[in-house]
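Below, each chain spelled out in residue letters.
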Amino acid sequence: MSSEQPLVIGIETSCDETGVGIVRGTTLLADAIASSVDEHARFGGVVPEVASRAHLQAMVPTISRALSTAGIAPADVDAVAVTAGPGLAGALLVGVAAAKAYALALGKPLYGVNHLSAHVAVDLLEHGPLDEPCIALLVSGGHSSLLLVPRVGGADVTELGATVDDAAGEAFDKVARLLGLPFPGGPPIDRLAGEGDAGAIAFPRGLSGARDPAFAFSFSGLKTAVARWVEARRRAGEPVPAADVAASFQEAVADVLSAKAVRAAREHGVGHLIVGGGVAANSRLRALAEQRCAAAGIRLRIPRPGLCTDNGAMVAALGAQLVAHGATPSKLDIPADSTLPITAVLV
Ligand code: KG4
Ligand code: ZN
């Protein structure tokens, strides 16, 4: 490795995006993505076998595209990072196999990383290094957690709380379906909510009572409340004010997520909050978190929306942190682990 910051290629295939990112340290050089989302839309969710096949087809072209955008040759990279889990087993396998092949052929170290940690580390590409502890609010299609992170990309991550039922993104996807909006539901709800009144309907804030666990989330009751409200309107033959439903639902999610994240930062005496994962692209969550962090004197870091949803740059960003801090590379026989725990940064 040169005296410069490490040049790392990152491969992401945990769900329906084939992502290949290239970073040098905390500088983003390329972020190539091929998505199979259109192939899943008519099923209302990601079909694992379809996703795996799409990854196989997209892998080599996406790697070529990333290399050419970054203007580097394969042999220039210092390390190969890949999402080893959690995610869809077959989809993960495609990325892990490709990364092993590149690492072996190039004689470069392999880093099998946690997809969730990568959602946090990607912020370094946007806002630069962070040399102190932070709270991370991780909100994606499959996870919703609050983490105490001593150093982004480092070990010893503590999970302060997580959802006890649905993930935040899952709630967006289910409510979108209920309103007849396309999959994935987050972006269309976000758009529709912009035309509605967030105070129109008082939907419940899960686990927000004085006796409830401070850092746990629950979105299943909210989803059911939205479904009941919409059904009652339909039964009565009344029109469903979809924009108001979307805005009121989105407000309930953003309210709970931002309130608990700010409380976590305060109670742990931490000055920074990073929000990551697909739901971090949500405009209302971003605005409310901004407002509440400013009031509490907490510095908020949220990557731009394009880096919040799944991509390869996040994997490369985490890989570069691991290389820079001298982490031991993964063995070439690491498995793809669909249920990798959130606290395991490196496999
Ligand atoms: O992190 P991600 O791309 O994939 C997973 O690791 O799960 O997150 C996908 C989730 C989906 O549930 C999608 O509906 C949600 O993120 N999402 C959003 C927005 N954009 C994506 N949710 C709310 N508002 C958005 N703008
Ligand atoms: Zn993700």
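Whatever comes next refers back to the structure up there.
Residues numbered from 1 in each chain as written. Chains lettered and ligands numbered in written order. Predicted model: local features only at pLDDT ≥ 70, side-chain atom pairs only at ≥ 80, totals over all residues. Heavy atoms only, no water.

J.: Can you break down the sheet that holds strand β10 (residues 299–301) residue by residue, with the values?
T.: Ordered by their spatial adjacency, five strands build an open sheet running β8-β7-β6-β9-β10, and the pairing between neighbours is mixed. Sheet topology places β8 (158–162) and β10 at the edges, where each strand pairs with a single neighbour. Taking each pair of neighbouring strands and ignoring which way they run, the sheet shows an average axis angle of 20°. Together, β6 (134–139), β9 (272–276) and β10 form the strand contacts of helix α10 (residues 283–296), whose direction differs from that of β10 by roughly 160°. (Pairing = 2+ DSSP bridges. Helix = DSSP H or I, 4+ residues; strand = E, 2+ residues; numbered from the N terminus. Axes fitted to C-alpha atoms, helices over the stretch in contact; angles between N-to-C directions. Contact = heavy atoms within 4.5 Å.)

J.: Pulling in residues and values, what's your account of the site of ligand 1?
T.: Contacts to ligand 1 come from 20 residues, most closely from His 119, Gly 141, Asp 173, Gly 186 and Asp 190. In the model, an oxygen atom of ligand 1 is placed 2.8 Å from a nitrogen or oxygen of the Gly 141 main chain. Coverage of ligand 1 by the protein amounts to 88% of the 550 Å² it exposes when considered alone. For ligand 1, the cavity whose grid points lie within 2 Å of the majority of its atoms is the largest pocket. Counting only elements with at least two residues in the shell around ligand 1, the list comes to α4 (115–121), α6 (168–178) and α7 (186–193). The residue makeup of the shell around ligand 1, split by class, is five nonpolar, twelve polar and three charged. (Near = heavy atom within 4 Å. Polar contact = N/O pair within 3.5 Å; in protein donor to acceptor, adjacent residues only side chain to side chain. Areas by Shrake-Rupley, 256 points an atom, 1.4 Å probe, with all protein chains shown as cover. 1 Å grid on protein atoms, 1.4 Å probe; cavity = no way out; pocket = protein on both sides within 12 Å on 5 of 7 lines; lining within 4 Å. Sits in = over half its atoms within 2 Å of the grid points. Nonpolar A, V, L, I, M, F, W, Y, C, P; charged D, E, K, R; others polar.)

J.: Mind laying out the pattern of salt bridges, listing which residues take part and the relevant values?
T.: Under the definition given, this model contains twelve salt bridges. One salt bridge in this structure joins Arg 304 and Glu 126, with 2.6 Å as the shortest N-O distance. In this pair, Arg 304 is assigned in the loop between β10 and α11 (305–308) and Glu 126 in helix α5 (residues 123–127), connecting sequence segments 178 residues apart. Linked by salt bridges that have partners in common, Asp 166, Glu 170, Lys 174 and Lys 223 make up one network. (Salt bridge = Lys/Arg side-chain N within 4 Å of Asp/Glu carboxyl O.)

J.: Outline the state of the cysteines, supporting the account with residue identities and numerical values.
T.: Taken as a whole and assessed by the stated rule, the structure comprises zero disulfides. Here Cys 15 is not cross-linked by a disulfide; its sulfur's nearest cysteine counterpart is in Cys 308, at 16 Å. Among the cysteines around Cys 308, which has no disulfide bond, Cys 293 carries the closest sulfur, lying 14 Å off. Since its relative accessible area comes to 1%, Cys 308 is described here as buried. (Disulfide = S-S within 2.5 Å. Buried < 20%, exposed > 50% of the residue type's maximum accessible area, 1.4 Å probe, protein only.)

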